[in-house]
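Notes for the structure review
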Amino acid sequence: MTFHDRGTSWFLAQLKPNCANIADKNLKRQGFQTFLPMEEETRQRNGKFVTAMRPLFPGYIFVAFDAARGFWRTVNSTYGITRLVSFGKEPTAVPLDLVSQLMLRCDAKGKLLPPKLLKPGDQVTLTKGPFANFVAEVEKIAPDRRVWVLMEIMGGQTRVAVGADQLRSV
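Remember, predicted model here, so these are calculated numbers, not experimental data.

Quick look at the pattern of salt bridges
- Applying the stated criterion across every chain yields a total of nine salt bridges.
- A salt bridge links E40 to K111; the nearest nitrogen and oxygen atoms lie 3.2 Å apart. Of the two residues, E40 sits in strand β3 (residues 38–45) while K111 sits in the loop between α3 (96–104) and β8 (123–126), which places them 71 residues apart along the sequence.
- Overall, E40 belongs to the partly exposed group, its relative accessible area being 23%.
- Judged by its relative accessible area of 28%, K111 falls in the partly exposed class.
- Linked through salt bridges whose partners overlap, the residues forming this network are E39, E41, R43, R54 and R168.

Details of the environment of D24
- Inspection of the secondary structure assignment puts D24 in helix α1 (residues 20–29).
- Taking the C-alpha atoms as reference, D24 lies 9.1 Å from V63; in sequence the two are 39 residues apart.
- Sequence-distant contacts of D24, defined by excluding residues within four places in its chain, comprise T34 and I61.

Points about α1
- Burial in α1 covers these residues: A20, A23, D24, N26 and L27.
- Along its buried surface, α1 packs onto β1 (9–15), β2 (33–35), β4 (48–55), β5 (60–65), α2 (72–76) and β6 (81–84).

Remarks on the nonpolar core
- Residues L27, I61, V63, F65, V75, I81 and L84 are the most contacted members of the largest nonpolar core, which totals 16 residues.
- When contributions to this core are tallied by element, the ones reaching two or more residues are β1, α1, β5, α2 and β6.
- Beyond its immediate stretch of four places on either side in the chain, V63 contacts S9, W10, F11, A13, L27, F32, Q33 and V75.
- In this structure, L118, V124, M151 and V160 belong to the second largest nonpolar core, which totals 12 residues.

With respect to the sheet that holds strand β9 (residues 135–141)
- Taken in spatial order, the five strands line up as β11-β10-β9-β8-β12 in an open sheet, and their pairing is antiparallel. The sheet is open, and its two borders are formed by β11 (156–163) and β12 (167–169), each paired with just one other strand. Sheet twist, expressed as the mean angle between neighbouring strand axes with direction ignored, is 45°.
- Alignment of β8 against β12, held across three bridges, turns out to be antiparallel. Within β12, the residue paired with V124 across the bridge is S169.

A closer look at the packing of aromatic side chains
- A full pass over the atoms with the stated rule returns six aromatic pairs.
- Where F11 meets F65, the ring centres are 4.4 Å apart and the plane angle is 20°; that geometry is what we call stacked. You can see F11 sitting in strand β1 and its partner F65 sitting in strand β5, a full 54 residues away along the chain.
- Among the aromatic residues, ring-to-ring pairing joins F11, F32, F65 and F71 into one connected group.
- Here the basic side chain of R159 rests over the ring of W148, its NZ or CZ set 4.2 Å away from the ring centre.

Description of the UniProt feature "domain: NusG-like N-terminal" (unreviewed entry) in the protein chain
- In this numbering, the UniProt entry assigns the feature "domain: NusG-like N-terminal" (unreviewed entry) to residues 7–106.
- The straight-line gap between the two end C-alpha atoms of residues 7–106 is 24 Å; of that span, 24% is helix and 38% is strand.

Side note on α3
- Of all the positions in α3, only V99, S100, L102 and M103 are classed as buried. What you see down the axis of α3 is that its buried residues fit within an arc of 160°, all on one side. Turned more than 90 degrees from where α3 packs its buried face, D97 and L104 sit exposed.

Some details on the domain arrangement of the protein chain
- Annotation of the protein chain at the domain level lists domain 1 (8–105) and domain 2 (122–169).
- Computed over C-alpha atoms, the centres of domain 1 and domain 2 are 31 Å apart.
- Tallying the contact residues gives five residues for domain 1 and seven residues for domain 2.
- Summing both partners gives a buried area of about 490 Å² for domain 1 against domain 2, and 44% of it is carried by carbon and sulfur.
- The three residues of domain 1 that bury the most area against domain 2 are E40, T42 and F49, which together make up 77% of that side's buried surface.
- Across the salt bridge formed by K128 and E40, the nearest N and O atoms sit 2.7 Å from each other.
- Here domain 1 is connected to domain 2 by two residue pairs in polar contact (both at pLDDT 80 or more).
- Broken down by element, the side of domain 1 that touches domain 2 gets its largest block of residues, four residues, from β3.
- When grouped by side-chain class, the residues that make up the side of domain 1 that touches domain 2 number one nonpolar, one polar and three charged.

Calculation notes
Residues numbered from 1 in each chain as written. Predicted model: local features only at pLDDT ≥ 70, side-chain atom pairs only at ≥ 80, totals over all residues. Heavy atoms only, no water. Salt bridge = Lys/Arg side-chain N within 4 Å of Asp/Glu carboxyl O. Helix = DSSP H or I, 4+ residues; strand = E, 2+ residues; numbered from the N terminus. Buried < 20%, exposed > 50% of the residue type's maximum accessible area, 1.4 Å probe, protein only. Contact = heavy atoms within 4.5 Å. Core = buried A, V, L, I, M, F, W, Y, C linked by side-chain atoms within 4.5 Å. Pairing = 2+ DSSP bridges. Axes fitted to C-alpha atoms, helices over the stretch in contact; angles between N-to-C directions. Phe/Tyr/Trp six-rings, centres within 6.5 Å; stacked < 30°, edge-to-face > 60°. Lys NZ or Arg CZ within 6 Å of the ring centre and 35° of its normal. UniProt positions renumbered as here; feature names shortened; annotations may be inferred. Arc of directions from axis to C-beta. Domains from an automatic or database assignment. Buried area = accessible area lost by both parts, 1.4 Å probe. Polar contact = N/O pair within 3.5 Å; in protein donor to acceptor, adjacent residues only side chain to side chain. Nonpolar A, V, L, I, M, F, W, Y, C, P; charged D, E, K, R; others polar.

In structure tokens, the structure reads:
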């Protein structure tokens, strides 16, 4: 993935409900460069924990094109896209720094990578397993990338060991 091509800017397109993959496929088929950052989410369904990929920004996708050439009308009429985010009559470009920093935090497929730097005292959210969506505090980081966190359970603090890939900073 490249951050910037000459003459193009990044824009934010609003998606139709549940059409992220359809819009991404259709935009790429038309020759547009897209970026759809994804994250793993664990939810409990039917008494089991299920991990699935979901968009980091539900309902939105980043699209790169040259607005001066009028390509934004093509994006607006793409199946799966509701409209480009605009302030006024024409779409507004997303700052390049924002998109490039997001791309650096993702792998080649757009999956959000775990944060590199955690330190004791940081507030984190668990992203996988039976404690998904629980907020905890980092107590200690072991050399084998195991992180010990303190969680408040039933009125007391409980120490739990988790992998660094299961945590997201709050």
